[in-house]
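What the coordinates show
Listed below are the residues making up each chain.
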Amino acid sequence: GAVVSQHPSWVICKSGTSVKIECRSLDFQATTMFWYRQFPKQSLMLMATSNEGSKATYEQGVEKDKFLINHASLTLSTLTVTSAHPEDSSFYICSARDPTAGYTFGSGTRLTVV
Amino acid sequence: AQSVTQPDIHITVSEGASLELRCNYSYGATPYLFWYVQSPGQGLQLLLKYFSGDTLVQGIKGFEAEFKRSQSSFNLRKPSVHWSDAAEYFCAVGAFRTGFQKLVFGTGTRLLVSP
């Protein structure tokens, strides 16, 4: 079946630094990937839609300059949290449209900013 | 705008008992509907999905769901719950926007399984 690999699974960074999270589709090509943020015991909130070869589409209220998304190939999308602050600490999950027209999710990244 | 409601925040079921998790959606067109399960600190695993056709959908791990258009519902069921089913369950609807589909999630239902 379709597999999406997300790395790292957890990261701790200092306030003011940047962190990059990778999302790879391992056995299929994904022209569209999605980035979600999940707060403890809450649902997933879509942050942006990542489109291969073009600019990402951000949801209302999501800072484009804070959360940089790059989808340079059909198998890789990256999310960079720039100048991270403690309030950016969260669980970030990516997903990709897979060949069955469903959505396959990565295993998530726990970001802690100290 | 599309939305998903999962009215039950928590549900506790005895091991071996049957389970039904409720999901209601609001969407102007024919929806694409999904149920996902999430274990703590993990990503989401697809249990089943409905696009069209037979309104009773079979999924993995013995789960099934029934699409009822008249009730705008897509409830998840399992005849006999196992302790390993304890997790967070999310219902989602796929919605078109500018040619791409995005998923809108419900708030989730946490399933607790008692011995």
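Computed from a predicted structure; not experimentally measured.

1. Observations concerning the overall build of chain B
From N to C terminus, chain B includes zero helices and 12 strands. When the helices and strands of chain B are placed in sequence order, the string is β-β-β-β-β-β-β-β-β-β-β-β. Whereas a compact globule of 115 residues would reach a radius of gyration of roughly 13 Å, chain B reaches 14 Å, a difference of no more than 12%. With the C-alpha coordinates of chain B rotated into their principal frame, the extents come out at 45 × 30 × 25 Å. Each of the 115 residues in chain B was classed as buried or not, and the buried ones make up 45%. A sequence separation of at least 24 residues applies to 53% of the contacts in chain B between residues at least 6 apart. Surface summary for chain B: the accessible area is close to 5400 Å², and the carbon and sulfur share equals 51%.

2. Quick look at the overall build of chain A
Counting its secondary structure elements, chain A contains zero helices and 11 strands. Secondary structure elements of chain A occur, N-terminal to C-terminal, as β-β-β-β-β-β-β-β-β-β-β. The C-alpha atoms of chain A give a radius of gyration of 13 Å, which matches the 13 Å a tight globule of 114 residues would have. With respect to the three principal axes, the spread of C-alpha positions in chain A is 40 × 25 × 20 Å.

3. A few points about the interface of chain A and chain B
Chain A puts 22 residues into the contact, and the matching count from chain B is 18 residues. Buried surface at the junction of chain A and chain B, both sides included, amounts to about 1700 Å², of which 54% is carbon and sulfur. When the buried surface of chain A facing chain B is broken down by residue, Ser43, Tyr103 and Phe105 of chain A rank first, second and third, together holding 31% of it. Here chain A is connected to chain B by zero salt bridges. For the pair chain A and chain B, the interface holds four residue pairs in polar contact (both at pLDDT 80 or more). Listing elements by their share of the side of chain A that touches chain B, those giving two or more residues are strand E4 (32-38), strand E5 (44-51), strand E9 (90-97) and strand E10 (103-105) of chain A.

4. Focus on the pairing of strand E7 (residues 67-73) of chain A
Residues and elements named next belong to chain A. Sheet analysis places E7 next to strand E8 (residues 76-81), joined by five bridges and oriented antiparallel. Note that in E8 the partner of phenylalanine 67 across the bridge is valine 81. Between the end of E7 and the start of E8, which pair antiparallel, lie two residues.

5. Some words on a nonpolar patch on the surface
All names here are of chain A. A contiguous nonpolar patch, built from Trp10, Ile12 and Val114 and spanning about 370 Å² of accessible area, is present on the exposed surface. With respect to the helices, strands and loops of the structure, valine 114 is situated in the segment after strand E11 (109-113). Owing to a relative accessible area of 57%, valine 114 belongs among the exposed residues under this scheme.

6. Digging into the sheet that holds E8 of chain A
Residue and element names in this part refer to chain A. Strand order in this open sheet of four strands is E1-E3-E8-E7, and the pairing throughout is antiparallel. Every other strand in the sheet has two partners, leaving strand E1 (4-7) and E7 as the edge strands with one partner each. Mean inter-strand twist for the sheet, computed between neighbouring axes without regard to direction, equals 15 degrees. Judged from the four bridges that link them, E1 and strand E3 (residues 19-25) form a sheet pairing that is antiparallel. Bridged to serine 5 within E3 is arginine 24.

7. Quick look at unusual backbone geometry
Residues histidine 7 of chain A and proline 8 of chain A are joined by a peptide bond in cis, for which omega reads 0 degrees. Among the secondary structure elements, proline 8 of chain A is positioned in the loop between E1 and strand E2 (10-13).

8. Some points on the side chain of glutamine 38 of chain A
Take glutamine 38 of chain A: it is sitting in strand E4. We classify glutamine 38 of chain A as buried; its relative accessible area is 7%. Excluding residues that lie within four positions of it along the chain, glutamine 38 of chain A makes contacts with Ser43, Leu44, Ser90, Phe91 and Ile93 of chain A together with Gln38 and Phe90 of chain B.

9. Observations regarding the nonpolar core
The biggest cluster of nonpolar side chains holds 27 residues, and the ones touching the most others in it are Leu19, Trp35, Leu47, Leu48, Phe74, Leu76 and Tyr89 of chain B. A per-element tally of this core places strand E10 (residues 87-97) of chain B first, with four residues. Discounting chain neighbours no more than four positions away, the residues touching leucine 76 of chain B are Leu19, Glu20, Leu21, Trp35, Leu47, Leu48, Phe63, Glu64, Ala65 and Tyr89 of chain B. Ranked by size, the runner-up nonpolar core spans 24 residues in total, among them Ala56, Tyr58, Phe67 and Ile69 of chain A.

Criteria and thresholds
- Residues numbered from 1 in each chain as written.
- Chains lettered and ligands numbered in written order.
- Predicted model: local features only at pLDDT ≥ 70, side-chain atom pairs only at ≥ 80, totals over all residues.
- Heavy atoms only, no water.
- Helix = DSSP H or I, 4+ residues; strand = E, 2+ residues; numbered from the N terminus.
- Rg over C-alpha atoms; globule rule 2.2 N^0.38 Å.
- Buried < 20%, exposed > 50% of the residue type's maximum accessible area, 1.4 Å probe, protein only.
- Contact = heavy atoms within 4.5 Å.
- Areas by Shrake-Rupley, 256 points an atom, 1.4 Å probe, with all protein chains shown as cover.
- Buried area = accessible area lost by both parts, 1.4 Å probe.
- Salt bridge = Lys/Arg side-chain N within 4 Å of Asp/Glu carboxyl O.
- Polar contact = N/O pair within 3.5 Å; in protein donor to acceptor, adjacent residues only side chain to side chain.
- Pairing = 2+ DSSP bridges.
- Patch = residues over 30% accessible without salt bridge, like charges linked within 9 Å, V, L, I, M, F, W, Y side chains within 5 Å.
- Axes fitted to C-alpha atoms, helices over the stretch in contact; angles between N-to-C directions.
- Core = buried A, V, L, I, M, F, W, Y, C linked by side-chain atoms within 4.5 Å.

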